[in-house]
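Okay, here's what each chain looks like letter by letter:
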Amino acid sequence: SALPHIEGLQALAKVPASSMGALAERAISGALNTIDASAELPAVQGLSAGMVKGAISGITSVVMEAARADTPSDDLKMELQARGVSSEHACLLAESYAARKSSLRILLARTQFSLPQLVGVTWRLDYVVKSKHLDRIHRPLYMLRFLTVQSDASEEAIECTCTEEDLGEIYNRLRQATHQVALTLNTL
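Residues numbered from 1 in each chain as written. Predicted model: local features only at pLDDT ≥ 70, side-chain atom pairs only at ≥ 80, totals over all residues. Heavy atoms only, no water.

Novice: How should the packing of helix α3 (residues 49–68) against helix α5 (residues 87–111) be read in this particular structure?
Specialist: Angle between the axes and distance between the axes are the two parameters that describe a pair of packed helices. For the pair α3 and α5, interaxial distance at closest approach is 9 Å and the crossing angle is 60°. Classified by the angle their axes make, α3 and α5 are oblique. Where α3 crosses over α5, the handedness of that crossing is right-handed. Two secondary-structure elements touch here, α3 through Ile59, Val62, Val63, Met64, Ala66, Ala67 and Arg68 and α5 through Leu93, Tyr97, Leu104, Arg105, Leu107 and Leu108. The class makeup of the residues in the contact of α3 with α5 is 11 nonpolar, no polar and two charged. (Axes fitted to C-alpha atoms, helices over the stretch in contact; angles between N-to-C directions. Helix = DSSP H or I, 4+ residues; strand = E, 2+ residues; numbered from the N terminus. Parallel < 35°, antiparallel > 145°, perpendicular 65-115°, else oblique. Left-handed = near helix turned anticlockwise from the far one by under 90°. Contact = heavy atoms within 4.5 Å. Nonpolar A, V, L, I, M, F, W, Y, C, P; charged D, E, K, R; others polar.)

Novice: Looking at this structure, how should I read unusual backbone geometry?
Specialist: Negative phi characterises most residues that are not glycine, and trans characterises most peptide bonds. Positive phi, close to 55°, is recorded for Asp70, a residue that is not glycine. Tracing the chain through its elements places Asp70 in the loop between α3 and α4 (73–82). Residue Asp70 is classed as partly exposed on the basis of its relative accessible area, which comes to 38%. (Buried < 20%, exposed > 50% of the residue type's maximum accessible area, 1.4 Å probe, protein only.)

Novice: What's the story with the nonpolar core in this structure? I'm lost.
Specialist: Looking at soluble globular proteins, one finds that nonpolar side chains tend to be buried together. Core analysis: the biggest nonpolar cluster contains 31 residues, and Leu12, Leu23, Ile59, Leu80, Leu93 and Leu104 have the highest contact counts within it. Among the secondary structure elements, those contributing two or more residues to this core are α1 (9–12), α2 (17–31), α3, α4 and α5. If one sorts the elements of this core by residue count, α3 sits on top with nine residues. (Core = buried A, V, L, I, M, F, W, Y, C linked by side-chain atoms within 4.5 Å.)

Novice: Would you take a moment to explain the pairing of strand β3 (residues 155–163) for this structure?
Specialist: Consecutive side chains of a regular strand alternate in pointing toward one face of the sheet and then the other. Two strands pair when backbone bridges link them, and strand β2 (residues 139–149) and β3 are joined in this way by nine bridges, in the antiparallel orientation. Residue pairing in the sheet places Tyr142 in a bridge with Cys162 of β3. With antiparallel pairing between neighbouring strands as the criterion, β2 and β3 make up a hairpin whose turn holds five residues, including Ala153 at a positive phi of roughly 75°. (Pairing = 2+ DSSP bridges.)

Novice: How do you make sense of α4 when you look at a structure like this?
Specialist: Residue pairs three or four apart in sequence face the same way in an α-helix, which turns once every 3.6 residues. Residues of α4 that are buried include every one of Leu76, Glu79 and Leu80, and no others. Along the axis of α4, the buried residues cluster in a sector spanning 100°; they form a single face. Turned more than 90 degrees off the buried face of α4, the exposed positions are Asp74, Met78 and Ala82. The first or second residue beyond α4 is Gly84, which carries a positive phi of 95°. (Arc of directions from axis to C-beta.)

Novice: Explanation requested: the packing of aromatic side chains in the structure shown.
Specialist: Each aromatic ring pair is summarised here by two numbers: the centre-to-centre distance and the angle between the ring planes. Taken as a whole and assessed by the stated rule, the structure comprises one aromatic pair. A ring pair is formed by Trp123 and Tyr142, whose centres lie 6.4 Å apart and whose planes are at 50°; its orientation type is tilted. Separated by 19 residues along the polypeptide, Trp123 in strand β1 (residues 117–128) and Tyr142 in strand β2 bring together distant segments of the chain. When its relative accessible area of 58% is taken as the criterion, Trp123 is described as exposed. (Phe/Tyr/Trp six-rings, centres within 6.5 Å; stacked < 30°, edge-to-face > 60°.)

Structural measurements only, silent on function.
See below:
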């Protein structure tokens, strides 16, 4: 399933088909910030203002999750129908989504946060014999260089120096992180 559980989907059943297109446009325009947030909500016959807000919230959640997952509009329509949204409502929502999907994806790309991707590691071992403060040290010192690619495709090198104990700690933390990721993936 491409969409998580979304509360506002139940409110869509009470929206008359004649108002569905206007609510979908309001929800998408609100998500894209192309409408003043203080603008009046569209009036929907038979629905309270709270129910209209709930429907708009549900529609916003649906289109944002669908855009985030790059869901085709036909798949969105089928997913909505599988979750109990009427065929007519699902078609109207999928049409509004298809017309503004690229704008929603651009908005999501601008607002998403991503960590740099680690693409390589180089290291060098230096053996420190003495320093200006001590005559004898006789200790290994590791020079690490992590090569990363940022979200804007630029490359960056992160360099650090560490002792053998520090390197062991880095190694143990990476093993723990790998183990945690494996556990998380197994629970999905």
